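This is what each chain is made of:
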Amino acid sequence: MSDGDLISELYAGCFRRLVVQLYAVTGDLTEAQEAVQEAFTRALVSPRRFAALENPEAWLRRVAVNWARSRYRRRRVLDGLLRRIGPPPAVADHSPEHLALLAALRVLPEGQRHALALHYLVDLPVDEVAATLGVSAGTVKSRLSRGRVALAALLADTDTSDDTATATGTGTGTGTGTGTGTGNKYATDATETGRIDVRS
């Protein structure tokens, strides 16, 4: 049996059992599943050494428990810090324009989405975006250029849909409908607020 087959067999045979055991330790099913998955991930790093263990399941359980305990300690430290500095400020922007922008970003390829978000929303310079993503500055510039074009098209589609709905949904039969779409300010004029100007 190969090392990979051994790990696959252990995963099929003891994953559920280990999760139940970790659930008793953590009191949280999701955290128990993450702990066991982390243990198997570490086993895959050195499959040959893992396969040579006398009791692989016991090793997995020990790694999972240690990971869960370490995570718990880190969370307690963070909770203590948060209590001392008070609640975080409310930063979520629930405006229709911001929600439309986030929805459009989710449609883009990952590379373009990351570059646009880091450069325009986080306000990082191109060189820092490149360092963060582990790519060249030229790659970032290319992704930004393609992403702006794609984002403009997506936001224009959103505007067209909104304007059509307004024009067809507010008419009263007297010829005084109020279909006066204002357009999406992210796609037209957002430079004053630091948001994405997809025309550039």
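Details of the structure are given in the entry above.
### Things to note about the overall build of the protein chain
Then, in step 1: In terms of helices and strands, the protein chain carries nine helices and zero strands.
Then, in step 2: What you see in the protein chain, going N to C, is helices and strands ordered as α-α-α-α-α-α-α-α-α.
Then, in step 3: For the protein chain, the residues scored as buried account for 28% of the 200 residues in total.
Then, in step 4: Contacts in the protein chain between residues at least 24 apart in sequence constitute 54% of all its contacts with a sequence separation of at least 6.
Then, in step 5: Summing over all exposed atoms, the protein chain offers an accessible surface of approximately 12,900 Å²; the carbon and sulfur share of this is 54%.

### Some points on the packing of aromatic side chains
Then, in step 1: This structure, assessed with the given rule, holds four aromatic pairs.
Then, in step 2: Taken together, a centroid distance of 6.4 Å and an interplanar angle of 45° make the contact between Phe15 and Phe40 tilted. Taken together, the residues span a long stretch of sequence, with Phe15 in helix H1 (residues 3-26) and Phe40 in helix H2 (residues 29-45) at a distance of 25 residues. Like Phe40, Phe15 is buried.
Then, in step 3: An aromatic cluster is present here, built from Tyr11, Phe15 and Phe40 joined pairwise through their rings.

### Thoughts on the packing of helix H5 (residues 96-107) against helix H6 (residues 110-121)
Describing two packed helices takes the angle between their axes plus the distance from one axis to the other.
Then, in step 1: Between H5 and H6, whose axes approach to 9 Å, the crossing angle comes to 145°. Here H5 contributes Leu101, Leu105 and Arg106 to the contact with H6, which in turn contributes Arg113, Leu116 and Leu121.

### Brief notes about H6
Then, in step 1: Relative to the 16 Å expected for 12 residues at 1.5 Å per residue, H6 spans 15 Å between its end C-alpha atoms, a close match to the ideal helical length.
Then, in step 2: When H6 is considered as a whole, its buried residues turn out to be Gln112, Ala115, Leu116, Leu118, His119 and Tyr120.
Then, in step 3: A positive backbone phi angle near 70° is found at Asp123, which sits one or two residues after H6.

### Remarks on the side chain of Gln112
Then, in step 1: Relative to the helices and strands, Gln112 resides in helix H6.
Then, in step 2: If we ignore the near neighbours within four places in the chain, the residues touching Gln112 are Arg143, Arg146, Gly147 and Ala150.

### Some thoughts on the nonpolar core
Then, in step 1: With 20 residues, the main nonpolar core has Leu22, Val36, Phe40 and Leu60 as its most contacted residues.
Then, in step 2: Elements with a minimum of two residues in this core: H1, H2 and helix H4 (56-85).
Then, in step 3: In terms of residue count, H1 provides more of this core than any other element does, eight residues in total.
Then, in step 4: Ignoring sequence-local partners within four residues, the contact set of Phe40 consists of Ile7, Leu10, Tyr11, Cys14, Phe15, Leu18 and Leu60.
Then, in step 5: Counting residues in hydrophobic clusters, the runner-up holds 17 residues, among them Tyr120, Leu124, Val126 and Leu155.

### Here we look at a nonpolar patch on the surface
Then, in step 1: A surface patch of nonpolar side chains, about 310 Å² in accessible area, is lined by Leu78, Leu82 and Ile85.
Then, in step 2: Take Ile85: it is sitting in helix H4.
Then, in step 3: Given the relative accessible area of 67%, Ile85 is considered exposed.

Rules used throughout
Residues numbered from 1 in each chain as written. Predicted model: local features only at pLDDT ≥ 70, side-chain atom pairs only at ≥ 80, totals over all residues. Heavy atoms only, no water. Helix = DSSP H or I, 4+ residues; strand = E, 2+ residues; numbered from the N terminus. Buried < 20%, exposed > 50% of the residue type's maximum accessible area, 1.4 Å probe, protein only. Contact = heavy atoms within 4.5 Å. Areas by Shrake-Rupley, 256 points an atom, 1.4 Å probe, with all protein chains shown as cover. Phe/Tyr/Trp six-rings, centres within 6.5 Å; stacked < 30°, edge-to-face > 60°. Axes fitted to C-alpha atoms, helices over the stretch in contact; angles between N-to-C directions. Expected span 1.5 Å × (residues − 1). Core = buried A, V, L, I, M, F, W, Y, C linked by side-chain atoms within 4.5 Å. Patch = residues over 30% accessible without salt bridge, like charges linked within 9 Å, V, L, I, M, F, W, Y side chains within 5 Å. Salt bridge = Lys/Arg side-chain N within 4 Å of Asp/Glu carboxyl O.

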